[in-house]
Amino acid sequence: MRVSTAMAAAFLAAAGAASAAAPVSDSGKRTVNVTVYGDDPCPRGSDGEIVVCARRTDNERYRIPKELRKREEQPSETSWAARMRGLEEAGRSSMPGSCSAVGSWGQTGCFQQMIRQWSAARAAARSEAANQP
């Protein structure tokens, strides 16, 4: 207990010394980031302000920015049916209809697996297209 207290005190003393020794270089200028669209002019900054402009095309003016468009799926928003489908897929390799050399229905299972992958890719493309504004 004493060792950890002594180490904490030494750390705080070292941090205080480092911050006291470091020169503070505050030029008093404030930076403002602005996004402008099309041919709109970049606004001028007042005294003590630096204005940084990012330019986007005019057709992006009233749209949600690309960085915010795609939303990741939350686990709490997944239905129980989808969760059960995931559990069934996890155990599918040992069930009839699996695409493996071990077990029954190997060849039929490979065709079923191909169909499942195709339909999953198609559903993913549909949901991605639906999420795009």
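Here, residues in each chain are numbered from 1, in the same order as that chain's written sequence. Residues qualify for local features only when their pLDDT is at least 70, as the model is predicted, and side-chain atom pairs are given and counted only at 80 or more; totals for whole chains, interfaces and linings, by contrast, use all residues. Side-chain measures here rest on the full set of heavy atoms in the structure, leaving out hydrogens and waters.

**With respect to the overall build of the protein**
1) Next: Numbering of helices and strands runs from the N terminus; a helix is a DSSP stretch of H or I covering at least four residues, while a strand is a stretch of E covering at least two. Helix and strand content of the protein: 4 helices and 2 strands.
2) Next: When the elements of the protein are put in sequence order from the N terminus, they spell out α-β-β-α-α-α.
3) Next: Summary of the burial criterion: residues with accessible area below 20% of their type's maximum are buried, those above 50% are exposed, and those between are partly exposed, where the area comes from a 1.4 Å probe applied to protein chains only. In the protein, which comprises 133 residues, the share counted as buried stands at 7%.
4) Next: Long-range contacts, defined here as pairs at least 24 residues apart, represent 10% of the contacts in the protein between residues at least 6 apart. Residue contacts are counted whenever heavy atoms from the two residues lie within 4.5 Å of one another.

**Side note on the side chain of Glu60**
1) Next: Looking at the element boundaries, Glu60 is found in the loop between β2 (49–56) and α2 (66–69).
2) Next: Judged by relative accessible area, Glu60 falls into the buried class, the value being 16%.
3) Next: Setting aside chain neighbours within four positions, we find Glu60 in contact with Tyr37, Lys66 and Arg69.

**Overview of the packing of aromatic side chains**
1) Next: Note on aromatic pairs: the rings of Phe, Tyr and Trp (six-membered ring only in Trp) are paired at centre separations within 6.5 Å, and the planes decide the class, stacked below 30 degrees, edge-to-face beyond 60, tilted for the rest. Summed over the entire model, instances satisfying the criterion amount to 0 aromatic pairs.
2) Next: The ring of Trp80 has Arg83 sitting right over it, with the charged end atom 4.7 Å from the ring centre. Note on criteria: charge over ring means Lys NZ or Arg CZ within 6 Å of the ring centre, with the direction from the centre no more than 35 degrees off the ring normal.

**A closer look at the confidence of the model for the protein**
1) Next: Looking at any residue, its pLDDT shows the predictor's confidence there, from 0 to 100. Scored by pLDDT, the protein has a mean of 74; 69% of the residues are at 70 or more.
2) Next: Note that residues 6–25 has pLDDT below 50 and, in this model, 0 contacts with residues that lie over four places away or in other chains.

**A look at the pattern of salt bridges**
Opposite charge on two side chains lets them pair, provided their charged atoms get close.
1) Next: Any carboxyl oxygen of Asp or Glu that lies within 4 Å of a side-chain nitrogen of Lys or Arg is treated as forming a salt bridge with it. A full pass over the atoms with the stated rule returns 3 salt bridges.
2) Next: Asp40 is the partner of Arg61 in a salt bridge, and the nearest nitrogen-oxygen pair spans 2.9 Å. Residue Arg61 is located in the loop between β2 and α2, and its partner Asp40 is located in the loop between β1 (30–37) and β2; the two are separated by 21 residues in the primary sequence.
3) Next: The class for Arg61 is partly exposed, based on a relative accessible area of 27%.
4) Next: Taking the relative accessible area as the measure of exposure, Asp40 reaches 28% and is therefore partly exposed.
5) Next: In this structure, Asp58 and Arg61 form a salt bridge, with 2.7 Å as the shortest nitrogen-oxygen distance.
6) Next: Of the residues examined, Asp58 reaches a relative accessible area of 46% and is grouped as partly exposed.
7) Next: A single network of salt bridges, built from pairs that share partners, joins Asp40, Asp58 and Arg61.

**Examining a nonpolar patch on the surface**
1) Next: Patch membership is restricted to residues that have no salt bridge and whose relative accessible area is over 30%. Joining uses 9 Å for like charges and 5 Å for the nonpolar side chains Val, Leu, Ile, Met, Phe, Trp and Tyr. Per-residue accessibility takes into account occlusion by the displayed protein chains alone, with areas from the Shrake-Rupley method and a 1.4 Å probe. A cluster of nonpolar side chains, namely Phe111, Met114 and Ile115, defines an oily patch on the protein surface of about 300 Å² accessible area.
2) Next: Looking at where Phe111 falls in the secondary structure, it is placed in helix α4 (residues 106–131).

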